[in-house]
Amino acid sequence: MSKQISIVTSTVVPVNIENIDTDQIIPARFLKATSRDGFGKNLFRDWRYESDDENKPKDFVLNNKMFSGRILVAAKNFGCGSSREHAAWAIKDYGFDVVVSSFFADIFKNNSLNNFLLPVQVSDDFLQRIFLEVEKDNRTNVEVNLPEQTITILSTGEKETFDITPYKKTCLLNGYDDIDYLLSMKNEIEEFEKQKLTAQT
């Protein structure tokens, strides 16, 4: 599972459904495991299969071989509901590095950033443009450029910018969790402490 994210260019998987909550992303009955691995197979489980039978797939986009890629595009208010971090785990474990929507629940957004999954919030109009282009051609590529904080529909050249805190941007670009980030600042912290001690003597 890749932690570093810089520029992601990929076809997309469209889920044009509003108000997708975390129980729909990963049903509660699959939350027993504590490791982040293995949750991907149960992503959108109740939308993908009849009951718990993997041999009875439903007509859902994740079961459609026409759609694949590292970018999940979802309708407005994605990740609402409970605060379960497992929702971000499931999306990342399935193989997505980016989720695009016109609005994210705050807790889901933070959980995503903490688990090396980049949530890209765009305008409603731009989101609909992505859905339209993918509907016309499932091979449509989208580029998410984290250094420049832009998202581009490559077939049309349409582009928007997105927001991310500088701290989380640094973490994603370098594959840092919170501890890794502190360790990367070790020399600066030690130098600051030396200067502080010198000033006190």
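So, how was this worked out
Residues numbered from 1 in each chain as written. Predicted model: local features only at pLDDT ≥ 70, side-chain atom pairs only at ≥ 80, totals over all residues. Heavy atoms only, no water. Buried < 20%, exposed > 50% of the residue type's maximum accessible area, 1.4 Å probe, protein only. Helix = DSSP H or I, 4+ residues; strand = E, 2+ residues; numbered from the N terminus. Pairing = 2+ DSSP bridges. Right-handed = clockwise from strand over helix to strand, strands pointing away. Core = buried A, V, L, I, M, F, W, Y, C linked by side-chain atoms within 4.5 Å. Contact = heavy atoms within 4.5 Å. Salt bridge = Lys/Arg side-chain N within 4 Å of Asp/Glu carboxyl O. Phe/Tyr/Trp six-rings, centres within 6.5 Å; stacked < 30°, edge-to-face > 60°.

Student: Explain the pairing of strand S5 (residues 98–101) to me, and be specific about the residues and the numbers.
Tutor: One face of the sheet, then the other: side chains in a regular strand alternate in exactly this way. The alternating pattern of S5 places Val98 and Val100 on one face and Val99 and Ser101 on the opposite face, and all of these are buried. Sheet topology places strand S4 (residues 71–74) next to S5; three bridges connect them, and they run parallel. Note that in S5 the partner of Ile71 across the bridge is Val98. Following the chain from S4 across helix H3 (residues 86–94) to the adjacent parallel S5, one finds a crossover that is right-handed. Bridging between S5 and strand S6 (residues 118–121) involves four bridges; their strand directions are parallel. Note that in S6 the partner of Val98 across the bridge is Leu118. In terms of handedness, the path from S5 via helix H4 (residues 106–114) over to S6 forms a crossover that is right-handed.

Student: Could you give me a rundown of the nonpolar core, with the residues and numbers involved?
Tutor: Core analysis: the biggest nonpolar cluster contains 53 residues, and Phe78, Ile91, Val100 and Leu118 have the highest contact counts within it. The residues touching Val100, leaving out its near neighbours within four places in the chain, are Ile71, Leu72, Val73, Ala74, Val120, Val122, Leu127, Ile130 and Ile151.

Student: If you had to explain the pattern of salt bridges to someone new, which residues and values would you point to?
Tutor: A complete count under the given rule lists nine salt bridges for this structure. Ionic pairing is found between Glu158 and Arg129, a salt bridge with its closest N-O pair at 3.0 Å. Of this pair, Glu158 sits in strand S9 (residues 158–161) while Arg129 is found in helix H5 (residues 124–136), placing the two residues 29 residues apart along the sequence. Taking the relative accessible area as the measure of exposure, Glu158 reaches 25% and is therefore partly exposed. Look at Arg129 and you get partly exposed, because its relative accessible area is 28%.

Student: How would you sum up the packing of aromatic side chains? Please name residues and give values.
Tutor: Scanning the model with the defined rule gives eight aromatic pairs in all. Note on Trp47 and Phe60: the rings are 5.7 Å apart at their centroids and 65 degrees apart in plane angle, and the pair reads as edge-to-face. A residue pair is termed long-range when its members are at least 10 positions apart, and Trp47 in helix H2 (residues 45–48) and Phe60 in the loop between strand S3 (53–57) and S4 qualify at 13 residues. A relative accessible area of 22% means that Trp47 is categorised as partly exposed. With relative accessibility at 10%, the residue Phe60 sits in the buried group. Plain terms: the ring middles of Phe78 and Phe108 are 5.2 Å apart, the flat faces sit at 80 degrees to each other, and that makes the pair edge-to-face. Taken together, the positions of Phe78 in the loop between S4 and H3 and Phe108 in helix H4 put the pair 30 residues apart, joining distant regions of the chain. No difference in accessibility class separates Phe78 from Phe108, as the two residues are buried.

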